[in-house]
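Observations on the model geometry
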There are 2 protein chains.
Amino acid sequence: MSAANDPTLKSWIEVSPDSDFPIQNIPFGVFKKGKGHRVATIIGDTVIDLYELTKRGYLTGVDANVFKQEFINDFMALGKKKTNKVRENISKLFKHSSRKLKGNDKDRKAMLHPVSKVELTMPIRIGDYTDFYSSRDHATNVGKMFRDPENALLPNWLHLPVGYHGRASSIVVSGTPLHRPKGQQIPADSKQPVYGPCRLLDFELEVGFVIGQKTELGQSISMDEAEDFIFGLFLFNDWSARDIQKWEYVPLGPFLGKSFGSSISPWVVTLEALEPFRSTSPKQNDPKPLPYLENKKKRNYDINLSVDIVPENGEAKTVCESNFKYMYWNMCQQLVHHTVNGCNVNVGDVCASGTISGPERGSFGSMLEISWRGTMPVDMPDGTQRKFINDHDTVVMRGFGQKKGVRIGFGEVSGKILPAIK
Amino acid sequence: MSAANDPTLKSWIEVSPDSDFPIQNIPFGVFKKGKGHRVATIIGDTVIDLYELTKRGYLTGVDANVFKQEFINDFMALGKKKTNKVRENISKLFKHSSRKLKGNDKDRKAMLHPVSKVELTMPIRIGDYTDFYSSRDHATNVGKMFRDPENALLPNWLHLPVGYHGRASSIVVSGTPLHRPKGQQIPADSKQPVYGPCRLLDFELEVGFVIGQKTELGQSISMDEAEDFIFGLFLFNDWSARDIQKWEYVPLGPFLGKSFGSSISPWVVTLEALEPFRSTSPKQNDPKPLPYLENKKKRNYDINLSVDIVPENGEAKTVCESNFKYMYWNMCQQLVHHTVNGCNVNVGDVCASGTISGPERGSFGSMLEISWRGTMPVDMPDGTQRKFINDHDTVVMRGFGQKKGVRIGFGEVSGKILPAIK
């Protein structure tokens with residue numbers, strides 16, 4: 001077992017028992033420092049400036065300049081052998097028995113910051129972004145609502161991880177408010193579209209992963225290789241304008257119903273940190289996927305996911321408790337399918353899971369499903385109801401795994417909806 | 001009239017009458033120089049290194065370093081006021097009566113190169129790429145073939161420029177060969193997909209444009225502003241694997257049927273250079289678009305487009321002669337619609353037109369339409385036939401406008417199909 005994953009390991013930095021960021025996590029993110037940025041990790045509520053850590057000689061074998069960057073891309077591009085070593089060395093430096101940095105007040109002050117005092121920024125310079133549609137319960141729910149309840153899944157769904165290209169430019173970091181989008185919608189019983197603010201604004205609970213190693217055009221990734229290409233994971237809110245999407249999406253897929261914004265959590269949790277939560281993948285026997293997609297290993301992850309709606313100055317309501325393990329198609333299958341045609345991937349490319357719904361209403365990952373197209377509104381603590389998301393509501397998604405006393409999490413992705421711009 | 005657009009202007013560089021690159025064009029591209037790259041323009045068959053031109057004092061008011069780059073992005077980001085001035089100054093320097101550079105052998109040799117001696121590379125660092133579907137004849141043909149011949153256009157098509165996010169990583173410059181993609185297809189009369197090389201490989205004749213000015217998330221571009229955001233245009237071959245696409249694309253749109261590669265021509269022709277070819281836009285009265293999309297100006301362009309198929313060591317066959325003026329939705333409408341929901345655009349983002357088909361078979365912009373799903377094969381000069389594209393075929397697209405003795409063109413985008421990788 002690597003020290004980073006030893007469940008008994010404690011840090012000399014205080015970590016509360018319900019923290020997502022014990023010394024076993026060591027995720028990577030970016031914060032603003034003066035006019036520039038610093039790549040960082042976090043233990044408990046303490047953000048650690050990795051540039052200072054390296055420049056001051058506490059972290060060796062890595063060029064400090066990869067941490068004096070606006071994004072973690074250059075760091076990821078070093079490759080897993082090096083980045084895993086960095087995680088390992090960080091965990092050694094901050095473990096309870098290590099006095100090296102703990103005993104140096106000046107250095108500690110220069111590189112450790114309370115998370116409440118720093119501004120976390122977009123961790124990844126995203127190249128291409130792909131969104132999948134890999135939760136069977138979600139696809140079934142959508143199929144029941146909009147197509148044939150008896151044949152909810154389309155013919156291709158069980159044969160391949162359906163996915164589509166998404167918009168990278170409008171992906172923002174947690175905490176960035178978004179304006180309600182405007183666009184064309186088709187009123188019920190009309191053939192004439194109208195223009196106006198989206199009326200059916202929704203979230204989609206997803207988990208994203210980022211590519212840490214590039215391929216060349218023409219190259220395909222096999223199931224055995226796929227994990228080497230996945231640097232880490234984060235929470236992903238794939239905001240959706242249901243009315244805009246419904247009118248526009250035939251025949252070429254979602255466009256403006258999605259591209260007004262997506263939100264990601266600020267810390268990229270490495271695949272290695274999530275190893276203890278690896279869980280059985282669902283049986284895929286009926287039908288069996290084609291050989292290139294065949295999965296013989298545990299490639300799902302038991303990560304608890306939740307969604308809260310928080311009205312302005314109001315009390316939060318948890319509207320969804322789901323789990324990343326519910327995925328029918330796992331990340332490796334998604335990536336293998338993505339490249340089977342020779343499509344190349346670059347460091348910083350992002351793939352998201354698609355809405356992660358579980359089997360019952362309390363675990364559905366979007367308001368579309370939770371309110372069943374608005375027919376079953378959710379009661380809020382303040383006596384109001386929600387079919388979809390209102391102006392000034394904040395949506396907060398959280399995710400963590402817990403096992404043998406160790407909790408490793410993503411923190412949260414939070415986004416507030418502001419009224420449409422006039 | 002700006003000097004750059006004066007149709008009587010000649011250069012002291014030799015320009016053949018059928019060249020796409022007279023002194024009125026001044027497009028922008030990039031070539032390899034040693035281990036680096038240079039931003040360049042072209043007159044006739046002569047590539048002009050703009051870094052050397054600026055460093056040696058022939059071009060003022062612009063920082064030479066924007067030309068010592070792998071891509072033209074930093075140059076575009078200077079804004080149209082500056083980039084138009086650069087075009088103007090280049091045309092002055094190379095006009096017939098200008099002796100300044102012509103008389104300096106050493107400088108001329110350092111900055112002028114025969115196009116046959118340089119390697120042209122990807123001109124743009126592409127951020128997001130969006131593909132539209134804006135030719136009415138193309139959408140009608142596809143609808144007739146795959147849906148209802150009596151109701152070929154879907155209900156939304158005449159109300160908005162249908163578009164979808166595409167894959168940016170696999171866009172390559174003219175001359176880059178592509179391997180035939182592999183993937184899942186569904187054989188006729190089967191419900192079980194098979195895995196193998198694409199059997200129905202197609203081109204799509206398109207014109208792309210690149211964004212030269214960014215917006216902020218939440219901002220929408222109006223019809224009056226849209227041209228300020230369009231830096232320039234190029235030819236775009238949206239290669240398509242029809243069998244892969246057909247099986248995968250429901251309900252979220254094309255994915256692997258497109259993402260194995262798209263090809264662009266190496267020279268970005270500015271919107272200003274194409275001004276003489278501005279032509280009337282089609283009437284949009286039935287239905288009238290919503291006010292935000294209403295078009296009151298000439299926003300189409302009369303640009304002749306053609307597609308050749310060239311078998312290996314064989315004679316070319318022109319299979320399509322179309323025109324960019326056939327677009328139902330123009331570039332401004334595409335961009336306005338793209339941002340109506342607040343989606344932000346960045347310098348280097350690319351939008352492509354969708355297949356540009358004219359009204360009859362000879363002007364259809366894809367083999368799918370030309371061969372009408374393979375029912376009307378094309379006779380090649382060597383006695384073979386084509387329903388789709390064979391291994392070792394090269395597809396060459398060309399485009400130019402011609403008026404008052406001046407021809408301004410794109411050059412060509414050429415791509416050869418290699419066999420699928422084993």
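Refer to the structure presented above.
I will try to describe carefully the structure that is included in this document. (Residues numbered from 1 in each chain as written. Chains lettered and ligands numbered in written order. Predicted model: local features only at pLDDT ≥ 70, side-chain atom pairs only at ≥ 80, totals over all residues. Heavy atoms only, no water.)

1. A few points about the environment of A:Leu271
Residue and element names in this part refer to chain A. Counted only if it meets this: Labels follow the DSSP assignment, with helices taken as runs of H or I lasting at least four residues and strands as runs of E lasting at least two, numbered in each case from the N terminus. Here the term buried applies to any residue with accessible area under 20% of the maximum for its type, exposed to any over 50%, and partly exposed to those in between, with areas from a 1.4 Å probe on protein chains only. Residues are treated as being in contact if the distance between any of their heavy atoms lies within 4.5 Å.
Note on placement: Leu271 falls in the loop between strand E17 (269-270) and strand E18 (278-279). Of the residues examined, Leu271 reaches a relative accessible area of 4% and is grouped as buried. Expressed as a C-alpha distance, the spacing of Leu271 and Ile230, which sit 41 residues apart in the sequence, is 7.0 Å. Residues contacting Leu271, with those up to four places away along its chain left out, are Lys80, Glu227, Ile230, Phe231, Gly232, Leu233, Tyr301 and Met331.

2. Examining the packing of aromatic side chains
Residue and element names in this part refer to chain A. Quick note on the threshold: Side-chain rings of Phe, Tyr and Trp, where Trp is taken by its six-membered ring, are said to pair if the distance between their centres is within 6.5 Å; with planes under 30 degrees apart they count as stacked, over 60 as edge-to-face, and otherwise as tilted. Geometrically, a charge over a ring is one whose NZ (Lys) or CZ (Arg) sits within 6 Å of the ring centre while staying within 35 degrees of the ring normal.
All told, the structure shown has 24 aromatic pairs over all chains when counted by the stated rule. Here the aromatic rings of Phe364 and Trp372 are separated by 6.3 Å at their centres, their planes lie at 40°, and the arrangement is tilted. The buried category is assigned to Phe364, whose relative accessible area is 7%. Residue Trp372 is classed as partly exposed on the basis of its relative accessible area of 26%. One aromatic cluster is present, built from ring pairs that chain together Phe28, Phe67, Phe75 and Phe231. Positioned above the aromatic ring of Phe400 is the side chain of Arg407, whose terminal nitrogen or guanidinium carbon lies 3.7 Å from the ring centre.

3. With respect to the side chain of B:Asp131
Residue and element names in this part refer to chain B. Counted only if it meets this: Note on charges: Lys and Arg go in the positive column, Asp and Glu in the negative column, and His and the chain ends are not counted at all. Whenever Lys or Arg places a side-chain nitrogen within 4 Å of a carboxyl oxygen from Asp or Glu, that contact is recorded as a salt bridge.
Positionally, Asp131 belongs in strand E6 (residues 129-132). Buried and unpaired, Asp131 has no salt bridge, with Lys258 as the nearest side chain of opposite charge at 4.7 Å. Each residue touching Asp131, except ones within four places of it in the same chain, is listed here: Gly163, Tyr164, Glu206, Asp238, Ala352, Ser353 and Gly354.

4. What to know about helix H3 (residues 80-94) of chain A
Stated precisely, the cut-off is as follows: The span expected for a helix works out to 1.5 Å for each residue beyond the first.
Here H3(A) contains 15 residues, and its C-alpha end-to-end distance of 21 Å stays within 8% of the 21 Å for a straight helix at 1.5 Å per residue. For H3(A), the full list of buried residues reads A:Lys80, A:Thr83, A:Val86, A:Arg87, A:Glu88, A:Asn89, A:Ile90, A:Ser91, A:Leu93 and A:Phe94.

5. Section: the sheet that holds strand E26 (residues 406-418) of chain A
All names here are of chain A. Our working rule: Note: two strands are recorded as paired if DSSP finds a minimum of 2 bridges between them.
Strand order in this open sheet of five strands is E9-E26-E25-E20-E21, and the pairing throughout is mixed. Sheet topology places strand E9 (178-179) and strand E21 (317-323) at the edges, where each strand pairs with a single neighbour. As paired elements, strand E20 (residues 304-310) and strand E25 (residues 394-403) share seven bridges and run antiparallel to each other. In the sheet register, Val307 faces E25, and the bridge partner there is Met397.

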